[in-house]
Structure formats: structure tokens, C-alpha cells
Amino acid sequence: YSFAVLILLFIFYIVNNQTQGKKLRKTIEEEKKKSDALKEESIRENLLSLGTKNHFEDCLAMEFKRSQISSAPFSVLVVVVKNLSEIDKKLGFGSGNEMICSVTRSLRDFLSKGNSLFRYSNQIYTSILPDTDKNKVKALTEKIDEKLRDIKTTSGELLKITVNAASFPSDAESLHDLRKSLFEPFNSE
């Protein structure tokens, strides 16, 4: 009997460990899902679900490395809406958000699938355009500039838009030079 009891205890031990292991795996999977959801939420703005400045910088560094390895060009688009904060204050939170959404929708209309749009700051939008050379991005910037200049506030005020773009490798040899050519024109304003 003692041998049978030992076998039963051993079987109970194995079943108990398997049950505990399953529970632990399930808990770990749930925690991982929660962690992934929080991470995704942290890189998105609540209002527009656009990538943040930090997410843009991470993606830009990855795209730069990818481009160096593959020798494929890429471009970065910067759109500055100079009076967006003023309009937001003047029209109030709701109307200001409508303007922000209007600008965002217009920008997304021009971007291909796979090109992310980022809200770099309150008035600056950016996008990384893989496999886009200088000629393609120039045509795109002209179209975007034309489209965004037509957006008016409820009081008829036009947006003050500046669109800038830079391409790698034609406009810059390093990531630092690329950032400089993208943002330096706005530092002097």
C-alpha cells in the first residue's frame, strides 16, 4: 500500500505542478498583453492616435539604418502649422481640436499606407517616407502645401503652413545632417 500511496502522491504532485504552470503561463500572457497595450498607448496621443516625438525619433533612427544597409532612399516630411496654437486658444478647445483633426486627416490623405504620421509637437507634424527620393517628396510637399493652405477656421482664418522635406542620401550624409536640414529653417523663424 505504501508504494501505491507514493505513486498517488507523485501523480497528485505532477498534476498540481501542471495546473500551477498553466495558471502561471496564463497570468504571464495576460500581463504581457497589458504591458504591450500600455506601451502602445504611451506612444500614441489620446486625441489623434499619432505617434509622439520619441516614437518618431526611434522610427527615424531605424529607417536611417535600414536605408544605409539597403541603399534605398527615404525622405522625411515636416509640416509646421504656425498658428495652430493661436487658433486653438481663440476658438476654444472643441473647435481647436476640429482644426487639428482636419489637418491630420488632410495629411493622412496624402500618405501611403505604411507611412506613419507623427505629432512632433503642438504645431509640427512629421512623417517618414521609405523608398521616397527627393523628386517624389518635392511633388508631395507641393500638393500638401496647396491642400493645407485651403483649410479655414470657422471664422475664415487661413492656416499658416510651412512644409519642409529632406531626403537621404541626397540631402544629408548623416542622421544629424538630416535633422538639421529638416528643422533648421524653423529655428530662424
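Preceding this section is the structure that the text describes.
Cut-offs used in this document
Residues numbered from 1 in each chain as written. Predicted model: local features only at pLDDT ≥ 70, side-chain atom pairs only at ≥ 80, totals over all residues. Heavy atoms only, no water. Buried < 20%, exposed > 50% of the residue type's maximum accessible area, 1.4 Å probe, protein only. Helix = DSSP H or I, 4+ residues; strand = E, 2+ residues; numbered from the N terminus. Pairing = 2+ DSSP bridges. Contact = heavy atoms within 4.5 Å. Salt bridge = Lys/Arg side-chain N within 4 Å of Asp/Glu carboxyl O. Axes fitted to C-alpha atoms, helices over the stretch in contact; angles between N-to-C directions. Parallel < 35°, antiparallel > 145°, perpendicular 65-115°, else oblique. Left-handed = near helix turned anticlockwise from the far one by under 90°. Nonpolar A, V, L, I, M, F, W, Y, C, P; charged D, E, K, R; others polar.

## Concerning the pairing of strand 4 (residues 161-168)
For step 1, the next point in the chain: For strand 4, the buried fraction is high: six of the eight residues fall into the buried class.
For step 2, the next point in the chain: Pairing of strand 1 (residues 74-81) with strand 4 involves eight bridges; the strand directions are antiparallel. Among the inter-strand pairings, Val 80 is bridged to a residue of strand 4, identified as Thr 162.

## Notes on the environment of Ser 106
For step 1, the next point in the chain: Residue placement: Ser 106 occurs in helix 4 (residues 93-110).
For step 2, the next point in the chain: Separated by 41 residues in the primary sequence, Ser 106 and Lys 147 place their C-alpha atoms 7.4 Å from one another.
For step 3, the next point in the chain: In this structure Ser 106 touches Lys 147, Leu 148 and Ile 151, once residues within four positions along its chain are discounted.

## Considering the pattern of salt bridges
For step 1, the next point in the chain: One pass over the structure, following the stated rule, counts six salt bridges.
For step 2, the next point in the chain: Here Glu 57 and Arg 179 are joined by a salt bridge, their closest N and O atoms 2.8 Å apart. Of this pair, Glu 57 sits in helix 2 (residues 53-70) while Arg 179 sits in helix 6 (residues 175-187); the two residues are 122 residues apart in sequence, bridging distant segments of the chain.
For step 3, the next point in the chain: Judged by relative accessible area, which is 17%, Glu 57 ranks as buried.

## Focus on the packing of helix 2 against helix 6
For step 1, the next point in the chain: At a minimum axis separation of 11 Å, helix 2 and helix 6 run at an interaxial angle of 125 degrees. The orientation of helix 2 with respect to helix 6, classified from their angle, is oblique. When the axes of helix 2 and helix 6 are compared, the crossing they make is right-handed. For the pair helix 2 and helix 6, contact is made by Glu 57, Leu 60, Ala 61 and Phe 64 and by Leu 175, Leu 178 and Arg 179, respectively.
For step 2, the next point in the chain: In terms of residue class, the contact of helix 2 with helix 6 is built from five nonpolar, no polar and two charged.

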